[in-house]
Amino acid sequence: MSLTNATAEVAAAAAKTASFALAALPASDRNAALDAIHDALAGARDEILTANARDLDRARQAVAQGTLADSLVSRLDLGRPGKWEDMLKGILDVRDLDDPLGKVHMRTRLDDDLILERVSSPIGVLLVIFEARPEVIANIASLAIKSGNACILKGGKESTESFVAMAAVMARALGGGAVPSAAVQLVTSRDDIAQLLSQDRYIDLVIPRGSNELVRAVKADTRIPVLGHADGLCSIYLTADADAQKAARAIVDAKTSYPAACNSVETLLVQDTALLTHFRPVAVALAAAGVSLRCDPAAAAVVSDVPGIVVQPAVPADYDTEFLALTLAVKTVSTLDEAVAHINAHGSHHTDAIFTADAADAERFMAQVDSAGAYWNASTRVADGMRYGFGTEVGISTSKIHARGPVGLEGLTIYKYKVRGDYQPTAQYGEGDGRRPWKHEAMPI
């Protein structure tokens, strides 16, 4: 890993060259690099958290001045319970995953001694632009190395102290190993972003992680394919035949376990026949957890007398808002079709859930909701690479390209076609006298 001051073109070109070498390394060399990164970060915990504390102090001052969103402070904090440990565990989890490269997904006999294979391979060079979350450096570097991709990382200014400290530690860890130093690069100047986004000759995929403003700006400013999501506007549809007690627990989890996360629920759709039986106990549980509600008139009428509950009248904009805080919009709907229509019109295609005992309704909901994650009786917070068993993730994609949802190792691979032949001329194949037909026989993988 290197902390580069090179021009964007030089850095991107070096990453491209390094990607060729990295793609040819055996899994043992790539895994050894992950071991080195893990051990180095674990040994430098105090040093890195001290740097992170300086970032946090500045971020809190910026929040007080109104120049930074409070939700970013939570994302920035590496010392939040479990966050450091999860970061280190993610590195080892990625190391222990099967090698994603060289997997044969199709094998076809075109003719005798002419065999076609479709084989997994790295994408090439990734440009990852992120805000606040310093652990992204370890996450992305681990996934990139394991999947044979080079990466260039650009973090937000609010986490500069943290990621510079981590980059220095990781650079020492990789020094002298098989992974080329240019395979993982960190840039610190904001001026580099525009130049990097123009390097479509060398950079194969851009992954922005941060606010919707960041993601939309990146998509507008580059010709390179972009993988990511702008908003995490997740919804849960609560029906009258759901288990009310279990639903309350799951909804509280989806809203309160990490409100600043993109997979936190932001809108609760309630079937009209479930207002008294289900929504009222859910509202009580949410109020006990400190959640304030933005309710339509029907929902507000049901909970207006609940002690301690904070209810405000919902306005249309509330159903298009990613609160990233202990605030939840509530809307009453009559049918599953109405719930699906609302989600497809107002959601962000991230993760949406239905709580119901009706299997047919659940399957129809999951088929019709146009989201990367469609859940039945599960908290939207399940939408996470580590929880999916991916080790960690580079982010969550709502794009309809090669990867969707939490993007782990498989999402950082593409494929190539390999043909092994015996010098056969294609002119000998076809229909008619003297020509050979293509066999096109599926072969065992």
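Residues numbered from 1 in each chain as written. Predicted model: local features only at pLDDT ≥ 70, side-chain atom pairs only at ≥ 80, totals over all residues. Heavy atoms only, no water.

Named according to an unreviewed UniProt entry, the protein is glutamate-5-semialdehyde dehydrogenase originating from Drechmeria coniospora. Listed in UniProt under the heading Function (unreviewed entry), the comment for the protein reads: "Catalyzes the NADPH dependent reduction of L-gamma-glutamyl 5-phosphate into L-glutamate 5-semialdehyde and phosphate. The product spontaneously undergoes cyclization to form 1-pyrroline-5-carboxylate." The UniProt entry for the protein carries the following text under Sequence similarities (unreviewed entry): "Belongs to the gamma-glutamyl phosphate reductase family." (UniProt positions renumbered as here; feature names shortened; annotations may be inferred.)

Asker: I'm lost on the packing of aromatic side chains in this one. Help?
Answerer: Centre distance and the angle of the planes are the two values used to describe a pair of aromatic rings. Counted according to the given criterion, the structure contains 4 aromatic pairs. An angle of 90° between the planes, with centres 5.6 Å apart, marks the rings of Tyr 388 and Phe 390 as edge-to-face. Judged by relative accessible area, Tyr 388 falls into the partly exposed class, the value being 33%. Sitting over the face of the ring of Tyr 319, Lys 331 holds its NZ or CZ atom 5.4 Å from the ring centroid. (Phe/Tyr/Trp six-rings, centres within 6.5 Å; stacked < 30°, edge-to-face > 60°. Buried < 20%, exposed > 50% of the residue type's maximum accessible area, 1.4 Å probe, protein only. Lys NZ or Arg CZ within 6 Å of the ring centre and 35° of its normal.)

Asker: Looking at this structure, how should I read the pattern of salt bridges?
Answerer: Two side chains of opposite charge can pair, provided their charged atoms sit close to one another. The final tally for this structure, using the stated rule, is 22 salt bridges. Taking the shortest distance from any N to any O, the salt bridge between Arg 364 and Asp 337 comes out at 2.6 Å. Of this pair, Arg 364 sits in helix H14 (residues 359–368) while Asp 337 sits in helix H13 (residues 336–346); the two residues are 27 residues apart in sequence, bridging distant segments of the chain. Looking at Asp 337, the relative accessible area reads 45%, which means it is partly exposed. If you follow the salt bridges from partner to partner, you end up with Arg 54, Asp 55, Arg 58 and Glu 161 in one network. (Salt bridge = Lys/Arg side-chain N within 4 Å of Asp/Glu carboxyl O. Helix = DSSP H or I, 4+ residues; strand = E, 2+ residues; numbered from the N terminus.)

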